[in-house]
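Results of the structural survey
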Amino acid sequence: MMLSVFFPPIGGVVLGLIALRQGPQIASQVIIGSLGLVALVLLLSSFNPKTLLLFCLGIMLPIFLVTLVLRVTQSQGMMIAVAGLLGISSVLYTHSQVDSLAANYRQVVESLWQEDILPKLSTDVTEDKTKAMKQTLDNFIPFINGIRAGFLTAGIILIVLFARWWQAKAFNPGGFRPEFLSLSLPKWILLPLAICAGMVFKDGLVDDSIARDCLIVLMVLYVFQGIACVHAFVVRRPEQRGWLFGMYISLIFISFYAAVILACI
């Protein structure tokens, strides 16, 4: 938990390994004991204890729950599905807290544009290019909350997968690979995916679309399914190993388009 304050992924992986190996009781004791230690350290420092403790819990509890699902079901597909449900819960919660998320994000983006971006633009940039840049930012605003929830979901999944890989490396060498290659998302995910896609197609680019935010989260789940499919394809055809290199390079440099293609696969 102390690691989660300064290095959230490392703290999450350690917690995930403990939960996978020792079970929920030991993992709960670690969380409770670590929270007490974190609270003590924060009280002696200049940090806001409430804010940082909520930050730690917001990271650790989802990882703890998702890891337990993997431990009980022995299914990476079910684990990823539950992570997606937590991501959707995050979407619903954020929408319930304010009247318009897009309006809040628009204020932040407008402030960023006026105070940081616009003053630093070169005088060589034409007015048309400036307007085009501003329009691109404005078009991006409705997607911010969905992307935030998508990254949160992807982070939880990656941390738990790494904890699973670490567990296999230490206690079951070679056990992670076949489990990942057989990854299969539950078919019931297709129903909310179809509903959200239909609502997004019907509503278009509206500011506060819960369906669009949920659709982004659900697409993230299928990105992991797509990655597993490509790995399984390469295992069957080792001479096609270049596909793996191309996939990961694409995810780094053209993340959005590569993610959509993988989700469609």
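Above this text sits the structure in question.
Keep in mind it's a predicted model, so treat the numbers as computed, not measured.

Right, let's get into the pattern of salt bridges. Pairing between side chains becomes possible if they bear opposite charge and their charged atoms approach one another. In this structure the tally under the stated criterion is three salt bridges. Between R164 and E179 there is a salt bridge whose closest N-O contact spans 2.9 Å. Of this pair, R164 sits in helix α8 (residues 144–171) while E179 sits in helix α9 (residues 176–181); the two residues are 15 residues apart in sequence, bridging distant segments of the chain. Through salt bridges that share partners, E110, K134 and D138 make up one connected network.

Counting across every chain of the model gives three aromatic pairs. Aromatic side chains F176 and F180 sit 5.9 Å apart centroid to centroid with 10 degrees between the ring planes, which places their arrangement in the stacked category. You can see F176 and its partner F180 sitting in helix α9, four residues apart, about one turn around the helix. Pairing F256 with Y257 gives two aromatic rings, centres 5.4 Å apart and planes at 80 degrees, and the pair type is edge-to-face. Since its relative accessible area comes to 60%, F256 is described here as exposed. Residue classification places Y257 among the exposed residues on the basis of a relative accessible area of 57%. The ring of F143 has R212 lying over it, and the distance from NZ or CZ to the ring centre is 5.1 Å.

Contact pair helix α11 (residues 210–236) / helix α13 (residues 255–264): the axes reach a minimum separation of 7 Å and the direction vectors enclose 75 degrees. As the angle between them shows, α11 and α13 are arranged roughly perpendicular. Packed against α11, whose contacting residues are M219, Y222, V223, G226, I227 and V230, the element α13 presents A259, L262 and A263 at the interface.

Let us now look at a nonpolar patch on the surface. A surface patch of nonpolar side chains, about 920 Å² in accessible area, is lined by F245, I249, I252, F253, I254, F256, Y257 and V260. Looking at the element boundaries, V260 is found in helix α13. On the basis of relative accessibility, which here comes to 31%, the residue V260 falls in the partly exposed class.

This paragraph deals with the environment of R106. Within the secondary structure layout, R106 lies in helix α6 (residues 101–117). Distance from R106 to D207, taken between C-alpha atoms, is 10.0 Å for residues 101 residues apart in sequence. Beyond its immediate chain neighbours, meaning those up to four positions away, R106 contacts D138, I141 and D207.

Across the interface, α6 lies against α8 with an axial gap of 9 Å and an inter-helix angle of 95 degrees. Here α6 lies roughly perpendicular to α8, going by the angle between them. Where α6 approaches α8, its residues L101, Y105 and V109 are matched on the opposing element by I144, N145 and R148. Classifying every residue of the contact of α6 with α8 gives four nonpolar, one polar and one charged.

For H231, the position within the fold is in helix α11. When the C-alpha atoms of H231 and L181 are compared, they prove to be 6.6 Å apart, with 50 residues separating the residues in sequence. Setting aside residues up to four positions removed in sequence, H231 forms contacts with F180, L181, L244, M247 and Y248.

Here we come to the side chain of T153. Tracing the chain through its elements places T153 in helix α8. Once residues lying within four places of it in the same chain are set aside, the contact partners of T153 are A83, G84, G87, V217 and L221.

Here we take up helix α10 (residues 190–203). Its 14 residues place the ends of α10 20 Å apart at the C-alpha level, agreeing with the 20 Å of an ideal helix rising 1.5 Å per residue. Considered for burial, the residues of α10 that qualify are L193, C196 and V200. Looking down the long axis of α10, one finds its buried residues gathered within 70 degrees of arc, a one-sided arrangement. In α10, the exposed residues that point more than 90 degrees away from the buried face are L191, A194, F201 and K202. Elements in contact with the buried residues of α10: α11. Two residues or fewer past α10, G204 is found with a positive phi of approximately 75 degrees.

Criteria and thresholds
Residues numbered from 1 in each chain as written. Predicted model: local features only at pLDDT ≥ 70, side-chain atom pairs only at ≥ 80, totals over all residues. Heavy atoms only, no water. Salt bridge = Lys/Arg side-chain N within 4 Å of Asp/Glu carboxyl O. Helix = DSSP H or I, 4+ residues; strand = E, 2+ residues; numbered from the N terminus. Phe/Tyr/Trp six-rings, centres within 6.5 Å; stacked < 30°, edge-to-face > 60°. Buried < 20%, exposed > 50% of the residue type's maximum accessible area, 1.4 Å probe, protein only. Lys NZ or Arg CZ within 6 Å of the ring centre and 35° of its normal. Axes fitted to C-alpha atoms, helices over the stretch in contact; angles between N-to-C directions. Parallel < 35°, antiparallel > 145°, perpendicular 65-115°, else oblique. Contact = heavy atoms within 4.5 Å. Patch = residues over 30% accessible without salt bridge, like charges linked within 9 Å, V, L, I, M, F, W, Y side chains within 5 Å. Areas by Shrake-Rupley, 256 points an atom, 1.4 Å probe, with all protein chains shown as cover. Nonpolar A, V, L, I, M, F, W, Y, C, P; charged D, E, K, R; others polar. Expected span 1.5 Å × (residues − 1). Arc of directions from axis to C-beta.

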